[in-house]
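# An overview of the molecular structure
One-letter residues, chain by chain:
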Amino acid sequence: MPWIPNEEHEKVPVIKNLVWAFKILFKADKWFILSGILSEIAADLFRMFIQSVLFLKVLLSAITQTGTFEYYVKCLMVFLAVGVITEIISVWGDYVTNVGQKKVFKSLNNMIFEKAASVDVSCYEDPAFYDKYQRATDILTKGYFVMFSWTLSIVVGRFISFISIISVIMSIDPSYLVFLAPVMLVFAVEIFKSKIVFKRDIDMTTNNRVKSYIQRTVFLKDFSKDMRTSNIFLVMMKRFNRAIESNIEIIKKYGWKLFFCSMISSLFGEFIPVAGTYAYAGYQFVATNNLDVSGFSVVLSSINSVSMTASSIAHGFADLTQVAFYFQNMREFFEYNPEVTDGDREAEPFESLELKNVSFRYPSAKEYSLKNVNLKIEKGQTVAVVGINGAGKSTLVKLLLRFYDVTEGEILYNGINIKAYNQDSLRNRFATVFQDYKTFAISVNENVLCRECSSEDEKIAEQALKQSGVWDKISLLEQKGNTLLTREFDDNGVGLSGGEAQKTAVARIFAKDFDVAILDEPSSALDPIAEYKMYENLISATENKTVIYISHRLSSAVLSQNIFVLENGTVIESGSHNSLMNAKGKYSEMFALQASAYKEEGGCRK
């Protein structure tokens, strides 16, 4: 398995993850976190300490005549000034945080997208990778990075307020600290609770992916016809409901633990400290006269503030611990090192490509997809690799482009193992149309050139579309090549048929400067006439170029100088069309069957 998720959640390095989270968010926008911390410190000190404790103490001093009215007025003016400054800091902090949130979201999104584009292709065939990827994106989609900044600001602000209030209580009577000791237990309980919440969310990840997939497919055009003409909608709905029911069971499984933790937190974080302090303060005030009215009122007000700040800090630590688990997923995602690694060599112009004793097995498979394959392709050759579906043809393409590395043997580019080359430089030597080609919700020209287009680029795209045989359709559109594909983002967009979409994908070949063209089932959506015309244009456009056709349809094989026949991952025949036909083997049998099918499609059916 190329991706191994961390299942030992109890061993997650919380502090390390929090430090990593701070660094990555600070790098994205330093004021996103700092503004929140500064505004929270100002607000908490004002509300929890200055307003609820200090100002009360000044007011009671004036009432009990231990202070003067003039002193009270001066304190009031200071109080109002501090209040105004606090409000200014709060408004400034909100503005800076909102702007910073957008910057951080953009920065982290770009980092996730770039990493997702760089991981091994094998990861996309691994469910554990998708679970990890989704939990990494949860940092953004569920706002955990905002939660981290906000919670960190609260913890820092509350902690400073907590220390300030404690200092006032200690100046009255240090004995009151005894009643605050149970609050320490709340920290441990809340951290334990956050681990339970994270485990619950981990257990729900796959169900949430199923729900997300079904919610997405129900609204996508590609699935709409099948949804309405078969029972597949009911099948999908049953899976959707099963995912929800499974999540309900998971919630129930952890529910009683979370309830128990919440009860303990309330008992030791609020009830015992407040009840104990009230009782002891009452005893001092009534029975021993060791506490005057001012001290009694300040103690009661202070203990409420202390209870609130301590409880808030405990919950904040718990939330930070939970967020640390999610950042663990993102950190592991970013730290993942691809197994298919770059070499230092730049790929030179193509001369030859050779597979020597190549065998390959997918990471999660038991059987080999390719077994002891040997073949060589020289510059300027037109080669066809043919065979029935599942013979290993598309796997061969993935190995040539280094989406995977061979399990055994080696692939040589110009006589050098392809592992020695920089992947981008190697792939840039190839122009490829895949069997599962895709068109994107961007303009036709951008789909062809795979970049934003200038007016000069539009001419290149037009010529490529003509060569692929789809320009007759595109030229009729109001904006021609600048028309957006699909109507998902533009009412004036257009949807192409399967054949038209495939021709648009093939146009990428004609628009690119390449050494080797690889066409993986390039005509699967085309009728025989369109297929023949496309191959004629390909022959003209790829003159003196090297072309590799991958197909189970043998029309391309007739045009090829050398043909390799794959069966069960092994090359069973090779040679020219005529030599293979004369050999009366597998190729000859396949060609005869397909030729009869073409005659029937052309109207010769009896």
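In the block above lies the structure referred to throughout.
Residue positions are given per chain, counting from 1 as you read along its sequence in written order. Predicted model: local features are reported for residues with pLDDT of at least 70 only, side-chain atom pairs are reported and counted for 80 or more only, and whole-chain, interface and lining totals are derived from all residues. Calculated side-chain values reflect all of the structure's heavy atoms, with hydrogen atoms and water omitted.

## A few points about the overall build of the protein chain
Here is the rule: Secondary structure elements are taken from DSSP: a helix is a run of H or I of four residues or more, a strand is a run of E of two residues or more, and numbering for both begins at the N terminus. The cut-offs for exposure are 20% and 50% of the maximum accessible area for each residue type, with area from a 1.4 Å probe on protein chains only; residues under the lower value are buried, those over the upper are exposed, and the others partly exposed. Accessibility throughout is a Shrake-Rupley quantity obtained with a 1.4 Å probe, and a residue counts as covered only by protein chains that appear here.
Each helix and strand counted, the protein chain has 19 helices and 10 strands in total. A total of 606 residues make up the protein chain; the buried ones form 46% of that total. When the accessible surface of the protein chain is totalled, it reaches about 30,900 Å², and 57% of it is carbon and sulfur.

## Considering the sheet that holds strand 2 (residues 370-378)
Applicable threshold: A pair of strands counts as paired when DSSP detects no fewer than two bridges linking them.
With respect to topology, four strands assemble into an open sheet ordered 2-1-4-5, the strand pairing being antiparallel. The sheet is open, and its two edges are formed by strand 2 and strand 5 (416-417), each paired on a single side.

## Points about the packing of helix 13 (residues 455-468) against helix 15 (residues 498-511)
Between two packed helices, the angle of one axis relative to the other and the distance separating the axes together describe the packing. Threshold: A fitted line through C-alpha atoms serves as each axis, taken over the contacting stretch for helices, and the angle formed by two N-to-C directions is quoted from 0 to 180°. Note on terminology: angles under 35 degrees are roughly parallel, angles over 145 are roughly antiparallel, angles of 65 to 115 are roughly perpendicular, and the others are oblique. The sense of a crossing depends on the near helix, which, turned anticlockwise from the far helix by less than a right angle, makes the crossing left-handed and, turned clockwise, makes it right-handed. Here a residue-residue contact requires only that any non-hydrogen atoms of the pair lie within 4.5 Å. Polarity classes work like this: nonpolar for Ala, Val, Leu, Ile, Met, Phe, Trp, Tyr, Cys and Pro, charged for Asp, Glu, Lys and Arg, and polar for all others, with Gly in that last group.
Close contact between helix 13 and helix 15 brings their axes to 8 Å; oriented N to C, the two are set at 120°. In terms of axis orientation, helix 13 runs oblique to helix 15. Classified by chirality, the crossing of helix 15 by helix 13 is right-handed. For the pair helix 13 and helix 15, the contacting residues are Ile460, Ala464, Leu465, Gln467 and Ser468 in the first and Lys503, Thr504, Val506, Ala507, Phe510 and Ala511 in the second. Here the contact of helix 13 with helix 15 is built from residues that sort into seven nonpolar, three polar and one charged.

## Thoughts on the environment of Met48
Take Met48: it is sitting in helix 2 (residues 30-63). Assessed through its relative accessible area of 10%, Met48 is described here as buried. Sequence-wise, Met48 and Thr309 are 261 residues apart; in three dimensions their C-alpha atoms are separated by 8.1 Å. Leave out the neighbours within four places in its chain, and Met48 touches Val53, Arg158, Ser161, Ile165, Ser305, Met308 and Thr309.

## Some thoughts on unusual backbone geometry
Despite not being glycine, Asn414 has its phi angle at roughly 55°, a positive value. Relative to the elements of secondary structure, Asn414 occurs in the loop between strand 4 (408-413) and strand 5.

## What to know about the packing of helix 1 (residues 14-28) against helix 5 (residues 144-172)
Contact pair helix 1 / helix 5: the axes reach a minimum separation of 11 Å and the direction vectors enclose 105°. With respect to each other, helix 1 and helix 5 are oriented roughly perpendicular. Residues Leu18, Ala21, Phe22 and Leu25 of helix 1 form the contact with helix 5, whose own contacting residues are Phe145, Phe148 and Leu152. For the contact of helix 1 with helix 5, a count of residues per class yields seven nonpolar, no polar and no charged.

## Considerations on the pairing of strand 9 (residues 562-567)
Within a regular strand, the side chains alternate between the two sheet faces. For strand 9, a buried count of five out of six residues is recorded, marking the element as mostly surrounded by other parts of the structure. Sheet topology places strand 3 (residues 382-386) next to strand 9; four bridges connect them, and they run parallel. Bridge assignment links Ala384 to a residue of strand 9, and that residue is Ile563. Here five bridges tie strand 9 to strand 10 (residues 570-575), and the two strands are oriented antiparallel to one another. Looking at the pairing, Val565 lines up with Glu573 of strand 10. Connecting the antiparallel pair strand 9 and strand 10 is a turn made up of two residues, with Asn568 showing a positive phi of about 50°.

## Here we look at the sheet that holds strand 7 (residues 516-520)
Pairing between the strands of a sheet is mediated by backbone hydrogen bonds and can be parallel or antiparallel. Reading across the sheet, the six strands line up as 6-7-8-3-9-10 and stay open at both edges, with mixed pairing between neighbours. The open sheet is flanked by strand 6 (430-433) and strand 10, the only strands paired with a single partner. The sheet shows a mean angle of 15° between the axes of neighbouring strands, taken without regard to direction.

## A look at the pattern of salt bridges
To be explicit about the condition: Salt bridge criterion: a side-chain nitrogen from Lys or Arg within 4 Å of a carboxyl oxygen from Asp or Glu.
All chains considered together, the criterion is met by 15 salt bridges. Between Arg402 and Asp405 there is a salt bridge, and its shortest N-O distance comes to 2.9 Å. Residue classification places Arg402 among the buried positions, given a relative accessible area of 1%. Residue Glu456 pairs with Lys459 through a salt bridge whose shortest N-O separation is 3.9 Å. With Glu456 and Lys459 both in helix 13 and three residues apart, this pair spans about one turn of that helix. What makes Lys459 exposed here is its relative accessible area of 55%. In this structure, a network of salt bridges that share partners links the residues Glu40, Asp44 and Arg158.

## A word on empty space enclosed by the protein
Cut-off, in case you're wondering: Here a cavity means grid points, on a 1 Å grid over the protein atoms only, where a 1.4 Å probe fits yet cannot get out; a pocket means an open set of points with protein on both sides within 12 Å along at least five of seven lines; lining residues are those with an atom within 4 Å of a point. Grid points are joined across faces, edges and corners, and a volume is the space filled by probe spheres set on the points.
The full count for this structure, using the stated rule, is three cavities of 30 Å³ or more. Looking at the second largest cavity, its volume works out to about 50 Å³. Lining the second largest cavity are Leu399, Arg402, Tyr404, Asp405, Val406, Glu410, Ile411, Asn417, Ile418 and Lys419. Across the lining of the second largest cavity, the residue classes break down as five nonpolar, one polar and four charged.

## Quick look at a nonpolar patch on the surface
Formally: Patches in this entry comprise residues that are over 30% relatively accessible and not in a salt bridge; like charges within 9 Å are linked, as are nonpolar side chains (Val, Leu, Ile, Met, Phe, Trp, Tyr) within 5 Å.
Together, Phe69, Val73, Met77 and Leu80 line one region of the surface with nonpolar side chains, adding up to about 410 Å² of accessible area. Looking at where Leu80 falls in the secondary structure, it is placed in helix 3 (residues 69-118).

## Points about the packing of aromatic side chains
Each aromatic ring pair is specified by the distance between its two centres and by the angle formed by the two planes. Stated formally: The aromatic pairing rule takes the rings of Phe, Tyr and Trp, using the six-membered ring of Trp, and pairs them if the centres are within 6.5 Å, calling planes under 30 degrees apart stacked, those over 60 edge-to-face and the rest tilted.
Scanning the model with the defined rule gives 16 aromatic pairs in all. Taken together, a centroid distance of 6.5 Å and an interplanar angle of 45° make the contact between Phe105 and Phe145 tilted. Here the residue Phe105 occupies a position in helix 3, and Phe145 occupies one in helix 5, the gap between them amounting to 40 residues. When the centroid spacing of 4.9 Å and the interplanar angle of 80° are considered together, the rings of Phe360 and Tyr362 count as edge-to-face. Tyr362 matches Phe360 in its accessibility class, with the two residues each being buried. Feature note: the residues Trp20, Phe148, Phe327, Phe333 and Phe334 constitute an aromatic cluster, connected by ring pairs.

## Topic: the layout of surface pockets
The computed volume of the largest pocket comes to approximately 1,600 Å³. Taken together, 45 residues form the lining of the largest pocket, with Leu401, Phe403, Thr432, Phe434 and Arg508 sitting closest to its centre. Looking at the lining of the largest pocket, the elements that each hand over two or more residues are helix 3, helix 10 (393-400), helix 11 (423-427), strand 6, helix 12 (444-449) and helix 15. Split into classes, the residues belonging to the lining of the largest pocket amount to 24 nonpolar, seven polar and 14 charged.

## A look at the state of the cysteines
The criterion, for reference: Note on terminology: disulfide denotes any pair of cysteine sulfur atoms within 2.5 Å.
A full pass over the atoms with the stated rule returns zero disulfides. Of the cysteine sulfurs around Cys450, a residue in no disulfide, the closest is that of Cys453, at 9.2 Å. By relative accessible area, Cys450 is classed as exposed at 58%.

## Details of the environment of Tyr130
Within the secondary structure layout, Tyr130 lies in helix 4 (residues 127-141). A residue is classified by how much of its surface remains accessible, and Tyr130, at 32% relative accessible area, is partly exposed. Sequence-wise, Tyr130 and Arg209 are 79 residues apart; in three dimensions their C-alpha atoms are separated by 8.4 Å. Once you skip the residues sitting within four places of it in the chain, Tyr130 turns out to touch Tyr124 and Arg209.

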